[in-house]
Amino acid sequence: MDSMTVFDLSVTDALLSTTRAVRKRLDLERPVPRQIINECLDLSLQAPTGSNRQGWSWIVVTDAEKRAALADLYRKGAGTYLQDAEQESAAQNGESQDTRVFSSALYLAERLQDVPVHVIPCISVDHLEENPPRAAWAGVMGSIFPAIWSFQLALRSRGLGSALTTLHLRCEDEANQLLGVPDGVMQVALLPVAYTIGTDFKPAKRPPASEITHWEQW
Ligand SMILES: Cc1cc2nc3c(=O)[nH]c(=O)nc-3n(C[C@H](O)[C@H](O)[C@H](O)COP(=O)(O)O)c2cc1C
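Since this is a predicted model, take the numbers as computed values, not measurements. (Residues numbered from 1 in each chain as written. Predicted model: local features only at pLDDT ≥ 70, side-chain atom pairs only at ≥ 80, totals over all residues. Heavy atoms only, no water.)

Undergrad: Pulling in residues and values, what's your account of the overall build of the chain?
TA: Scanning the chain from terminus to terminus reveals eight helices and five strands. Going residue by residue from the N terminus, the α and β elements of the chain occur as α-α-β-α-α-α-β-α-α-β-α-β-β. Relative to the 2.2 N^0.38 estimate, which gives 17 Å for 218 residues, the radius of gyration of the chain is 19 Å and therefore close to what a compact globule would have. If you line up the chain on its principal axes, its C-alpha atoms span 55 × 45 × 40 Å. The 218 residues of the chain split such that 40% are buried. For the chain, the share of sequence-separated contacts (at least 6 apart) that also reach a separation of at least 24 residues comes to 81%. Counting every atom, the chain has about 13000 Å² of accessible surface; 52% of that belongs to carbon and sulfur. Across the chain, the centroid of the 20 positively charged side chains sits 5 Å from that of the 27 negatively charged ones. (Helix = DSSP H or I, 4+ residues; strand = E, 2+ residues; numbered from the N terminus. Rg over C-alpha atoms; globule rule 2.2 N^0.38 Å. Buried < 20%, exposed > 50% of the residue type's maximum accessible area, 1.4 Å probe, protein only. Contact = heavy atoms within 4.5 Å. Areas by Shrake-Rupley, 256 points an atom, 1.4 Å probe, with all protein chains shown as cover. Lys, Arg positive; Asp, Glu negative; His and termini not counted. Charge placed at Lys NZ, Arg CZ, Asp CG, Glu CD.)

Undergrad: Go over the nonpolar core, please, and point to the residues and values.
TA: With 27 residues, the main nonpolar core has Trp58, Phe151 and Val193 as its most contacted residues. Within the residue set of this core, elements represented by two or more residues are helix H2 (34-44), strand S1 (56-61), strand S2 (117-124), helix H7 (145-157) and strand S5 (191-195). With residues near it in sequence (within four places) discarded, tryptophan 58 still touches Leu41, Ser44, Leu45, Val119, Ile120, Pro121, Ile144, Ala147, Ile148 and Phe151. Among the nonpolar cores identified, the runner-up in size contains 26 residues, and Leu82, Ala105, Val115 and Cys122 belong to it. (Core = buried A, V, L, I, M, F, W, Y, C linked by side-chain atoms within 4.5 Å.)

Undergrad: Describe in detail the pattern of salt bridges, supporting the description with residues and values.
TA: Applying the stated rule across the entire model yields five salt bridges. A salt bridge links arginine 25 to aspartate 200; the shortest N-O distance between them is 3.0 Å. Residue arginine 25 is found in the loop between helix H1 (9-18) and H2, and its partner aspartate 200 is found in the segment after S5; the two are separated by 175 residues along the sequence. On the basis of relative accessibility, which here comes to 27%, the residue arginine 25 falls in the partly exposed class. Since its relative accessible area comes to 54%, aspartate 200 is described here as exposed. Across the pair arginine 158 and glutamate 39 runs a salt bridge whose closest N-O atoms are separated by 2.8 Å. Note that arginine 158 is positioned in the loop between H7 and strand S3 (160-162) and glutamate 39 in helix H2, a separation of 119 residues in sequence. (Salt bridge = Lys/Arg side-chain N within 4 Å of Asp/Glu carboxyl O.)

Below is the structure:
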């Protein structure tokens with residue numbers, strides 16, 4: 001580590017480049033201690049929020065019946081989307097990264113109820129005007145997704161994994177009722193959380209930043 005480097009880059013770069021959406025390699029048998037979830041949530045709350053409002057709340061679901069109900073809503077929300085997408089991708093691209101993603105997503109949809117912990121990040125929307133402009137939505141979503149990603153990084157550092165999912169939000173009203181979410185609060189995701197089977201994850205294939213970066217002007 002040279003004297004100008006603040007953190008050990010071999011560690012931080014590996015964390016940033018190998019924190020993947022984990023589905024097939026979630027360990028459905030190993031219990032997750034409450035303490036670990038609390039620790040990772042405490043770290044996630046260091047994330048930035050618009051106006052330093054910190055309008056976030058988190059629902060952690062371990063109750064088996066509630067997880068089953070959430071999994072039902074997730075599948076209802078998904079409809080045939082995942083099957084259709086997997087078939088279409090397999091027909092067009094064969095065994096590509098996209099085909100693997102949809103196969104993995106289908107696996108998760110079938111087993112979501114068995115993932116030991118469901119974490120649902122929520123954000124306050126009670127300050128939003130009617131039909132908010134796009135800038136307001138940027139403020140709302142931008143005030144919870146940094147924390148979600150920090151939570152996922154903290155999990156990965158401790159040998160756990162998760163996948164950011166949103167399909168149950170298509171049944172938002174039913175999910176609000178199930179979880180007692182008050183008016184003025186919006187669920188933004190559902191993160192199935194478990195220990196991972198093995199801890200070796202690889203960077204994904206992504207096009208180089210140079211292809212999508214515009215210096216000084218678009
Ligand atoms: C806004 C958002 C919504 C997502 N919704 C879902 C989802 O409902 N179900 C799912 O299995 N994955 C979902 N994902 C995960 C993506 O499929 C995943 O990030 C992508 O396949 C790339 O894989 P990687 O994260 O391992 O690089 C979502 C990701 C984002 C950012």
